[in-house]
Amino acid sequence: MGIKRVAVSGYQEMSDRAALLVIQRIKEKPDLVLGLATGSTPLGLYERLVESYQQGETDFSQVATFNLDEYCGLSKNHPQSYQYFMDKHLFSLVNIDCRQVHFPQENDGLDKYEQKIKDTGGVDVQILGIGRNGHIGFNEPGSAFTSRTRVVDLTDVTIKDNARFFARPEEVPRRAVTMGLATIMDAKEILLLASGASKASVVERLMTEKQSVDVPASILWGHPKIMLIVDKEADGN
Ligand code: GLP
């Protein structure tokens, strides 16, 4: 138990380390089940996975994926939807079978998403970023440690942080569907990535404060196999 912290020099090294681990896990288990995150943090990781595929080193044909979250009210063709993001940065660039790609959807029966994850044998490796307020997925502060896939209201901090991707702040969705904290904890292995000065204060809280719903990521202290890869700017230590 406990978060294993790996300190790296910067965004590139964080992405390289994360990619090495994922590539290794796909080698060990070609039908790996990956839990995926969006946001700017895992972009470098996805780039390296694409490179590895292009170099004939990694085969995604049997890999299944479950994304952590999705906005409510955006169609999957909306450029800010997480489905669009994942297609653009990973799925359309590797040989993944689109029938093995999954997103939680408001109108799709949220228990069904949990069941689908179980039916594939559970998530083997879950990739996570962290919000400035400690959220993982869209589990905002106050989310129960027992929470499962559900619709949530986004906090002002998150809406503000995500506004940079939208033409106008009022276009940012106010609600999202997210795997719950308990859903995330079911993953067999978790890789949490943090990069940049804007994450320094939340990383410090995560590493020093007692576990609490105020910092949802602190639930990860109870996971048997969790690694935090943190770069210099995000690492207060
Ligand atoms: C979003 C996503 C999270 C992500 C977080 C951090 O709100 N729902 O899954 O980890 O923001 O994003 P970024 O990596 O851009 O800092």
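What counts, and at which threshold
Residues numbered from 1 in each chain as written. Predicted model: local features only at pLDDT ≥ 70, side-chain atom pairs only at ≥ 80, totals over all residues. Heavy atoms only, no water. Helix = DSSP H or I, 4+ residues; strand = E, 2+ residues; numbered from the N terminus. Rg over C-alpha atoms; globule rule 2.2 N^0.38 Å. Buried < 20%, exposed > 50% of the residue type's maximum accessible area, 1.4 Å probe, protein only. Contact = heavy atoms within 4.5 Å. Salt bridge = Lys/Arg side-chain N within 4 Å of Asp/Glu carboxyl O. Core = buried A, V, L, I, M, F, W, Y, C linked by side-chain atoms within 4.5 Å. Arc of directions from axis to C-beta. Near = heavy atom within 4 Å. Polar contact = N/O pair within 3.5 Å; in protein donor to acceptor, adjacent residues only side chain to side chain. Areas by Shrake-Rupley, 256 points an atom, 1.4 Å probe, with all protein chains shown as cover. Nonpolar A, V, L, I, M, F, W, Y, C, P; charged D, E, K, R; others polar.

Engineer: Quick question: what am I supposed to make of the overall build of the protein chain here?
Structural biologist: Per the secondary structure count, the protein chain includes seven helices and ten strands. A globule of 237 residues ought to have a C-alpha radius of gyration of about 18 Å, and the protein chain, at 16 Å, matches this closely. The C-alpha extent of the protein chain, read off along each of the three principal axes, is 40 × 40 × 35 Å. When burial is assessed residue by residue, the protein chain has 54% of its 237 residues classed as buried. In the protein chain, the share of contacts with a sequence separation of at least 24, taken over all contacts with a separation of at least 6, comes to 81%.

Engineer: Any chance you could explain the pattern of salt bridges here in plain terms?
Structural biologist: Two side chains that carry opposite charge are able to pair once their charged atoms sit near each other. Counted by the stated rule, this structure contains 17 salt bridges. The closest approach of N and O atoms between Asp 16 and Arg 48, which form a salt bridge, is 2.2 Å. Pair noted here: Asp 16 is in helix H1 (residues 11-28) and Arg 48 is in helix H2 (residues 43-54), with a separation of 32 residues, a long-range link. Across the pair Glu 106 and Arg 175 runs a salt bridge, and its minimum N-O distance is 2.8 Å.

Engineer: Looking at this structure, how should I read the nonpolar core?
Structural biologist: Across soluble globular proteins, you tend to see nonpolar side chains buried next to one another. Ranked by size, the top nonpolar core spans 43 residues in total, and within it Leu 45, Leu 49 and Leu 90 carry the most contacts. Of all the secondary-structure elements, those providing two or more residues to this core are strand E1 (3-8), H1, strand E2 (33-36), H2, helix H3 (82-89), strand E6 (125-128), strand E9 (189-194) and strand E10 (226-231). Among the elements that line this core, the one with the most residues is H1, at seven residues. If sequence neighbours within four positions are ignored, Leu 45 has contacts with Ser 15, Ala 18, Ala 19, Val 22, Ile 127 and Leu 193. By size, the runner-up hydrophobic cluster in this structure holds 31 residues, among which are Tyr 113, Leu 192, Leu 206 and Met 207.

Engineer: Honestly, H3 in this entry has me stumped. Any pointers?
Structural biologist: It helps to recall that an α-helix has 3.6 residues per turn; residues three or four apart then point in one direction. Every buried residue belonging to H3 is among Tyr 82, Gln 83, Phe 85 and Met 86, and all of these are buried. Relative to the axis of H3, the buried residues are bounded by an arc of 160 degrees and lie together on one face. At its buried positions, H3 is contacted by E2, H2, strand E3 (64-67), strand E4 (69-71) and helix H5 (156-162).

Engineer: Just checking my understanding: could you explain the environment of Phe 138 for this structure?
Structural biologist: Within the element layout of this structure, Phe 138 appears in the loop between E6 and strand E7 (150-153). Accessibility expressed as a relative area gives 2% for Phe 138, which makes it buried. Once residues lying within four places of it in the same chain are set aside, the contact partners of Phe 138 are Asp 69, Tyr 71, Tyr 82, Val 152, Leu 154, Thr 158, Asn 162, Ala 176 and Thr 178.

Engineer: Just to check I follow, could you spell out the site of the ligand for this structure?
Structural biologist: Close to the ligand lie 13 residues; Ser 40, Thr 41, Asp 69, Phe 138 and Lys 199 are nearest. For the ligand, an oxygen atom lies 3.1 Å from a polar atom in the side chain of His 135. Separating an oxygen atom of the ligand from a side-chain N or O atom of Arg 164 is a distance of 3.1 Å. Contact with the protein chains hides 93% of the accessible area of the ligand, taken as 390 Å² for the molecule alone. Among the residues making up the shell around the ligand, the classes are represented as three nonpolar, seven polar and three charged.

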